[in-house]
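Take a look at the letters that make up each chain.
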Amino acid sequence: LGRKPEEIREALCGYRAPAMRMSREAIGDVVLINDAYNANPRSMEAAIVVRNRDASARITLISSEHDHLFSRTALMYILCGQLSLRDTEPHDRDFYTRMRFERVRGRVTGVDCAGGTVKLEGGRTIGFDRLLLAVGSRGRAAPWPGSEGVHHFVTLQDMERLDAEATPVKAVCV
């Protein structure tokens, strides 16, 4: 990257993760907080467990990434053209209707535990009786100068950004 090890070390030591890095998502009367809903099978498993324990519960899934659970580890095969995104979805698309999961596209910006609501970007609020946190992960930008063009590959949006910026080059480091 054209940087001395001391410069890289200094930049890494000075890095501070952004505040509120988790995306807050909801599961109806139960709210799901998860910054990796679509790639976190445990969050979907939790929604299924809640449904199996309470057939009448109102369950809402909020995600800013994609409307359907998919295999994040298969993103490289999608990028290479070996699979479609739909090929990586473990459930048929009618699954969500059969399970009576309400899906909301968005990102939660706040949680009012006392009031039983989550607030989405744009101001919409969703009420909850019970709150479930299912924490995932998020890639972060390289913290040193000169790291433009360095990509993380964690979300569907990461893959789409990498695909859009990929051009023929002489050398690539993975």
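Coordinates for the structure precede this section.
Residues numbered from 1 in each chain as written. Predicted model: local features only at pLDDT ≥ 70, side-chain atom pairs only at ≥ 80, totals over all residues. Heavy atoms only, no water.

### A short note on the overall build of the chain
Right, so step 1: The helix and strand inventory of the chain stands at 5 helices and 7 strands.
Right, so step 2: Counting from the amino terminus, the chain carries its helices and strands in the arrangement α-β-α-β-α-α-β-β-β-β-β-α.
Right, so step 3: Counting over 174 residues, the chain shows a buried share of 37%.
Right, so step 4: Long-range pairs, those at least 24 residues apart, make up 64% of the contacts in the chain with a sequence separation of at least 6.
Right, so step 5: Accessible surface, the chain as shown: approximately 10600 Å² in total, 52% of it carbon and sulfur. (Helix = DSSP H or I, 4+ residues; strand = E, 2+ residues; numbered from the N terminus. Buried < 20%, exposed > 50% of the residue type's maximum accessible area, 1.4 Å probe, protein only. Contact = heavy atoms within 4.5 Å. Areas by Shrake-Rupley, 256 points an atom, 1.4 Å probe, with all protein chains shown as cover.)

### Comments concerning unusual backbone geometry
With the exception of glycine, the majority of residues adopt a negative phi angle, and the majority of peptide bonds are in the trans configuration.
Right, so step 1: Positioned with a positive phi, Arg100 is a non-glycine residue whose angle comes to about 60 degrees.
Right, so step 2: When you line up the elements, Arg100 lands in the loop between helix H4 (95-98) and strand S3 (101-105).
Right, so step 3: Judged by relative accessible area, which is 46%, Arg100 ranks as partly exposed.

### Brief notes about the nonpolar core
Right, so step 1: In terms of nonpolar packing, the biggest core is built from 11 residues, these being Met44, Ala47, Val50, Ala57, Ile59, Leu61, Leu69, Phe95, Tyr96, Met99 and Phe101.
Right, so step 2: Sorting elements by how many residues they give to this core places helix H2 (residues 41-53) first, with 3 residues.
Right, so step 3: Counting residues in hydrophobic clusters, the runner-up holds 7 residues, among them Ile62, Val104, Leu120 and Ile126. (Core = buried A, V, L, I, M, F, W, Y, C linked by side-chain atoms within 4.5 Å.)

### Some points on the environment of Arg103
Right, so step 1: Locating Arg103 in the fold gives a position in strand S3.
Right, so step 2: Sequence separation between Arg103 and His66 is 37 residues; the distance between their C-alpha atoms is 10.0 Å.
Right, so step 3: Apart from the residues within four sequence positions on either side, Arg103 is in contact with Leu61, Asp67, His68 and Tyr96.

### Things to note about the pairing of strand S5 (residues 117-120)
Right, so step 1: By the alternation rule, side chains of S5 split into Val118 and Leu120, which are all buried, and Thr117 and Lys119, of which none is buried.
Right, so step 2: With 4 bridges connecting them, strand S4 (residues 108-112) and S5 associate as antiparallel partners. Bridge pairing in S5 links Val111 to Val118.
Right, so step 3: If you look at the hairpin formed by S4 and S5, you'll find 4 residues sitting between the two strands, and Gly116 has a positive phi there, around 70 degrees.
Right, so step 4: As paired strands, S5 and strand S6 (residues 125-127) are joined by 3 bridges and run antiparallel to one another. (Pairing = 2+ DSSP bridges.)

### As for the environment of Arg161
Right, so step 1: Structurally, Arg161 is set in helix H5 (residues 156-165).
Right, so step 2: A polar atom in the side chain of Arg161 sits 2.8 Å from the side chain of Asp158. (Polar contact = N/O pair within 3.5 Å; in protein donor to acceptor, adjacent residues only side chain to side chain.)

### Description of the sheet that holds S4
Right, so step 1: Spatially, the 3 strands line up as an open sheet ordered S4-S5-S6, and their pairing is antiparallel. In this open sheet, the two edge strands, each paired with only one partner strand, are S4 and S6. Recorded for the sheet is a direction-independent mean angle of 20 degrees between the axes of neighbouring strands. (Axes fitted to C-alpha atoms, helices over the stretch in contact; angles between N-to-C directions.)

### Description of the side chain of Thr60
Right, so step 1: Mapped onto the secondary structure, Thr60 falls in strand S2 (residues 59-63).
Right, so step 2: Of the polar contacts made by the side chain of Thr60, one reaches the side chain of Glu102; its length is 3.2 Å.

### Focus on the pattern of salt bridges
Right, so step 1: Per the stated rule, a full pass over the model turns up 6 salt bridges.
Right, so step 2: As a salt-bridge pair, Arg93 and Glu89 come within 2.6 Å of each other at their nearest N and O atoms.
Right, so step 3: On the basis of relative accessibility, which here comes to 10%, the residue Glu89 falls in the buried class.
Right, so step 4: One salt bridge connects Arg124 with Glu102, and the closest N-O pair in it is separated by 4.0 Å. In this pair, Arg124 is assigned in the loop between S5 and S6 and Glu102 in strand S3, connecting sequence segments 22 residues apart.
Right, so step 5: Among the residues examined, Glu102 registers a relative accessible area of 32% and is labelled partly exposed.
Right, so step 6: Put simply, Arg58, Glu102 and Arg124 are held in one network by salt bridges that share partners. (Salt bridge = Lys/Arg side-chain N within 4 Å of Asp/Glu carboxyl O.)

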